[in-house]
Amino acid sequence: MTQKILIVDDEPNILILMEQALEALEDEGVELLTARNGEEALETIKTEKPNLVFLDVMMPKMNGLQVCHIVKHDLQMTDIYIIILTAKGQEFDKQKGIEVGADLYLTKPFRPKEVLEKSMQVLGF
């Protein structure tokens, strides 16, 4: 079964940077998916069931914290590993991310190598 990573961000430059950081995993057969807002992310999660989701917080239509809460609590999709990736780096923000069910909280700017290494670890490479 193909492993999938969903990258959710409303900033096109972040999507490109994330795809570049993770392109080595495509050689291993990992499928990279993208979404530009919370509603699109939720639909993609329901239909594609990705193994790993990188989720921005501040997005149109539905923010990342709401998406995370719905996925982890309402839909009970606890096997999906969710990494909140956001510019909001205060301790309060991190706590909120953990409360809604995020598995990890990373702040922007991020190191592409760190994103790749964490992805490899989560996917078992």
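Residues numbered from 1 in each chain as written. Predicted model: local features only at pLDDT ≥ 70, side-chain atom pairs only at ≥ 80, totals over all residues. Heavy atoms only, no water.

J.: Sorry, what's going on with empty space enclosed by the protein here?
T.: Over the atoms rolls a probe the size of a water molecule, and its path tells where empty space is left. According to the stated counting rule, one finds one cavity of 30 Å³ or more in the structure shown. By volume, the largest cavity amounts to about 30 Å³. For the lining of the largest cavity, the secondary structure elements donating two or more residues are strand S1 (4-8), helix H1 (12-26) and strand S3 (52-55). Classifying every residue of the lining of the largest cavity gives seven nonpolar, no polar and two charged. (1 Å grid on protein atoms, 1.4 Å probe; cavity = no way out; pocket = protein on both sides within 12 Å on 5 of 7 lines; lining within 4 Å. Points joined across faces, edges and corners; volume = space filled by probe spheres on them. Helix = DSSP H or I, 4+ residues; strand = E, 2+ residues; numbered from the N terminus. Nonpolar A, V, L, I, M, F, W, Y, C, P; charged D, E, K, R; others polar.)

J.: What exactly am I supposed to notice about the pairing of strand S4 (residues 81-86) here?
T.: Consecutive residues of a regular strand have side chains that alternate between opposite faces of the sheet. Taken across its six residues, S4 has five buried, putting it largely inside the fold. In this structure, S3 lies alongside S4, joined through four bridges in parallel fashion. Residue phenylalanine 54 lies in a different strand from S4, and its bridge partner there is isoleucine 83. Handedness of the crossover is the feature at issue here: the chain leaves S3, passes through helix H3 (residues 64-74), returns alongside S4, and the resulting connection is right-handed. The pairing of S4 with strand S5 (residues 104-107) spans four bridges and is parallel. Residue isoleucine 84 lies in a different strand from S5, and its bridge partner there is tyrosine 105. After leaving S4, the chain enters helix H4 (residues 91-99) and then returns to the sheet as S5, a path that is right-handed. (Buried < 20%, exposed > 50% of the residue type's maximum accessible area, 1.4 Å probe, protein only. Pairing = 2+ DSSP bridges. Right-handed = clockwise from strand over helix to strand, strands pointing away.)

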